[in-house]
Amino acid sequence: MCMEVRWAPELNSSVTAWCWLWTPAGSFLVPYIIMLVVEGMPLLYLELAVGQRMRQGSIGAWRTISPYLGGVGKWALSWILDSRGFTGGAAWADPLPWSVCPLNGNRTGYDEECEKATSTQYFWYRKTLNISPSIQDSGGVQWEQGLCLLLAWLVVYLCILRGTESTGKVVYFTALLPYCVLIIYLVRGLTLHGATNGLAYMFTPKGTFDLPGWQLANPKAWINAATQIFFSLGLGFGSLIAFASYNQPSTNCQKHAIIVSLINSSTSIFASVVTFSIYGFKATFNYESCLNKVILLLTNSFDLEDGFLTASNLEQVKGYLASAFPGKYSEVLPQIRNCSLESELATAVQGTGLSFIVYTEAIKNMAASQLWSVLYFFMLLMLGIGSMLGNTAAILTPLTDSKVISSHLPKEAISGEWANPRRTWGSGGRGAGNYWFDIFNDYAATLPLLLIVLVEIVAVCYVFGLRRFESDLKAMTGRTLNWYWKAMWAGVSPLLIISLFVFYLSDYILTGTLQYQAWDASQGQLVTKDYPLYALAIIGLLVASSTMCIPLVALGTFIVRCLKRGDTPPVA
């Protein structure tokens, strides 16, 4: 299987992760590039080299390094992956169903919840998710979501039916089509009114060295950058080791690591340019709409001549009206919105908010909105499938490598059990499903991922031995390991991960009770609520289930070895 096919799911992930995790501040690019150099590229090379050297999936590879490290590969099997249904079916409607608010029951006006929010937010939270007011209220079963999830898993199963044999044929399409759509969106985005505002906001650092809020002095910026790199490259999930196990021993995996890292990050930045050009259009549109509403209000309230009040003289006229007509102006003042382009650009969101609210709100204001909507949701579908192929490789390769499992079950049965959709009906198809999805997304992988990658580095450098691993690489590829890779693996990368781990834990300790964003229908906006005790317990179990497999497997291996030693008859 050629390199382009093997690494296509990782390039898909770069677009998905950037659109999902991106923090819109110009200074974010600095920690992102630093993390790429000191974490992303070295760890990518490490995992590729481990897979190519051991010729096994994640479980077998780490067990070969040390029998006590089988739990490192098992963590991916314990990480439960949930997926969202798509709203793409509504993209064909004319007008788009999220472009206007629906009428109320009496058909005398618009729905109250939609009027307090926006038509896009209403369509996402009420029509698509039918979200409950809190995580305690599980809500009824959402059959539309359930059917979408069933269809999504069916598509995934058909793609992985014959393992890597069928996967390789699919990823050409899932990897290349998003690039085509992004190029189309780039051309359209750059021609939109206000696109330059979004791009300027993206590349302009916020704050200065003297301000405590400067992004580079904020540990969260570095944690976000590391998370972005880890998720986009797929580090720690086992998929890279699984892909590399199919390499020929003489393959130059160092070259692959550099190429994939650079293409991955270039794709991420390219996707961000597309994102922020559209984001700038959306922010400019909202800002100008706000100005027009204020101009109309003041013109009608003070009987001003049409066209007299403009955006350029608005502040000056407001000051004059406040001093000349203080009584009347004070009555109108509560209705005057504070319009700010900077505030509109700063109201950034991530996750589902970016994918299904910001983008769709911008799309509804474009000409030929149905065309752009269909292209966008079809791209999301391809990105989802492409990313899932990488995740499933991390699961299926160790399972098919297992003689116990593969001798009793064919590939089709193993793939079918992994793609079984019953797991999605537990919480994903209910009103509170999105809250549980956020729990899995925020806590099931991020903290354990740092720990897993740290254990991987320590295992290679200090358990297997860096000199021994360097010797194996030279014998395998014929190339000597240079000082950069050895310095990153042995010192810089693990120390930086430990620092991020400490920052991550201290941030949650200082934050206090863990909180989440819940949709309040009465206000038409998201509100912050504390997680209930049982949700906190589940968060703890999620983190523990992903990390405890390492010491538990090591303990089990130690006990089994001790028992075998005790059963061995003494030599005469």
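Per chain, residues are indexed from 1 in the order of the written sequence. Under the rules for a predicted model, residues below a pLDDT of 70 receive no local features and side-chain atom pairs below 80 are neither given nor counted, while totals for whole chains, interfaces and linings still include all residues. Hydrogens and water molecules were not included; the side-chain quantities draw on all heavy atoms of the structure.

## Quick word on the packing of aromatic side chains
Stage number 1. In this scheme Phe, Tyr and Trp rings, the latter by its six-membered ring, pair at centre separations within 6.5 Å, and the angle between planes marks the pair as stacked below 30 degrees, edge-to-face above 60, and tilted otherwise. Applying the stated criterion across every chain yields a total of 16 aromatic pairs.
Stage number 2. Taken together, a centroid distance of 4.6 Å and an interplanar angle of 65° make the contact between Tyr45 and Trp485 edge-to-face. One end of the pair, Tyr45, is in helix α2 (residues 29–54); the other, Trp485, is in helix α22 (residues 483–511), and 440 residues separate them in sequence.
Stage number 3. The cut-offs for exposure are 20% and 50% of the maximum accessible area for each residue type, with area from a 1.4 Å probe on protein chains only; residues under the lower value are buried, those over the upper are exposed, and the others partly exposed. Since its relative accessible area comes to 2%, Trp485 is described here as buried.
Stage number 4. With a centroid separation of 5.4 Å and 65° between ring planes, the pair formed by Tyr435 and Tyr516 is classed as edge-to-face. One end of the pair, Tyr435, is in helix α20 (residues 433–443); the other, Tyr516, is in strand β1 (residues 515–520), and 81 residues separate them in sequence. Comparing Tyr435 with Tyr516, the two get one shared label, buried.
Stage number 5. An aromatic cluster of three or more residues is present, and its members are Tyr45, Phe464, Phe469, Trp483, Tyr484, Trp485 and Trp489.
Stage number 6. Sitting above the plane of the Phe302 ring, Lys328 keeps its charged end 5.3 Å from the centroid.
Stage number 7. Throughout this description, the term charge over a ring refers to an Arg CZ or Lys NZ atom that lies within 6 Å of the ring centre and within 35 degrees of the ring normal. The ring of Phe464 carries Arg468 above its face, with NZ or CZ at 3.9 Å from the centroid. By the criteria applied, helices consist of DSSP H or I runs no shorter than four residues and strands consist of E runs no shorter than two, each listed in order from the N terminus.

## Some details on the UniProt feature "binding site: Na(+)" (unreviewed entry) in the chain
Stage number 1. The positions that UniProt labels "binding site: Na(+)" (unreviewed entry) are, in the present scheme, Ser232, Asn264, Leu383 and Ser387. A maximum C-alpha distance of 13.8 Å among these annotated residues, which run over 156 residues, shows that they cluster at one spot.
Stage number 2. By relative accessible area, Ser232 is classed as buried at 0%.
Stage number 3. Among the polar contacts made by the side chain of Ser232, one reaches the main-chain carbonyl oxygen of Gln228 at a distance of 2.8 Å.
Stage number 4. For Ser387, the location among the structural elements is in helix α17 (residues 369–401).
Stage number 5. Looking at Ser387, the relative accessible area reads 13%, which means it is buried. UniProt positions are given in the numbering used here, feature names are shortened, and annotations may be inferred rather than shown by experiment. Counting of polar contacts relies on pairs of N or O atoms within 3.5 Å, with two restrictions inside protein: one atom must be capable of donating a hydrogen and the other of accepting it, and residues adjacent in sequence are counted only when both atoms are side-chain atoms.

## Quick word on the state of the cysteines
Stage number 1. Two cysteine sulfur atoms form a disulfide, by the criterion used here, when they sit within 2.5 Å. For the structure shown, the criterion picks out 2 disulfides.
Stage number 2. Disulfide partner of Cys101: Cys114, at an S-S distance of 1.9 Å. Taking the torsion about the sulfur-sulfur bond, which here is approximately -80°, the covalent link between Cys101 and Cys114 counts as left-handed. Here the residue Cys101 occupies a position in the loop between α4 (70–78) and α5 (112–116), and Cys114 occupies one in helix α5, the gap between them amounting to 13 residues.
Stage number 3. The exposure class assigned to Cys101 is buried, which follows from its relative accessible area of 17%.
Stage number 4. Given the relative accessible area of 1%, Cys114 is considered buried.
Stage number 5. Bridging Cys290 to Cys339, the disulfide has an S-S length of 1.9 Å. Because the sign of the S-S torsion sets the handedness, a value of about -80° for the bond joining Cys290 and Cys339 places this disulfide among the left-handed ones.

## Side note on α20
Stage number 1. With respect to burial, α20 is a largely interior element, 8 of its 11 residues being buried.
Stage number 2. Among the residues of α20, Gly433, Asn434, Tyr435, Trp436, Phe437, Ile439, Phe440 and Tyr443 are the ones counted as buried.

## Side note on the pattern of salt bridges
Stage number 1. Here, a salt bridge means any Lys or Arg side-chain nitrogen found within 4 Å of an Asp or Glu carboxyl oxygen. Counted under the stated rule, the structure contains 5 salt bridges.
Stage number 2. As a salt-bridge pair, Glu315 and Lys318 come within 3.6 Å of each other at their nearest N and O atoms. Highlighted residues: Glu315 and Lys318, both in helix α13 (residues 314–324), separated by 3 residues, approximately one helical turn.
Stage number 3. Judged by relative accessible area, Glu315 falls into the exposed class, the value being 58%.

## Details of the pairing of strand β2 (residues 525–530)
Stage number 1. Two strands qualify as a pair provided that DSSP identifies no fewer than 2 bridges between them. Note that β1 and β2 share 6 bridges and pair antiparallel. Paired with Ala518 across the bridge in β2 is Val527.
Stage number 2. Turn length for the β1-β2 hairpin, with the two strands adjacent in sequence and antiparallel, is 4 residues, and the turn residue Gly524 shows positive phi of about 70°.

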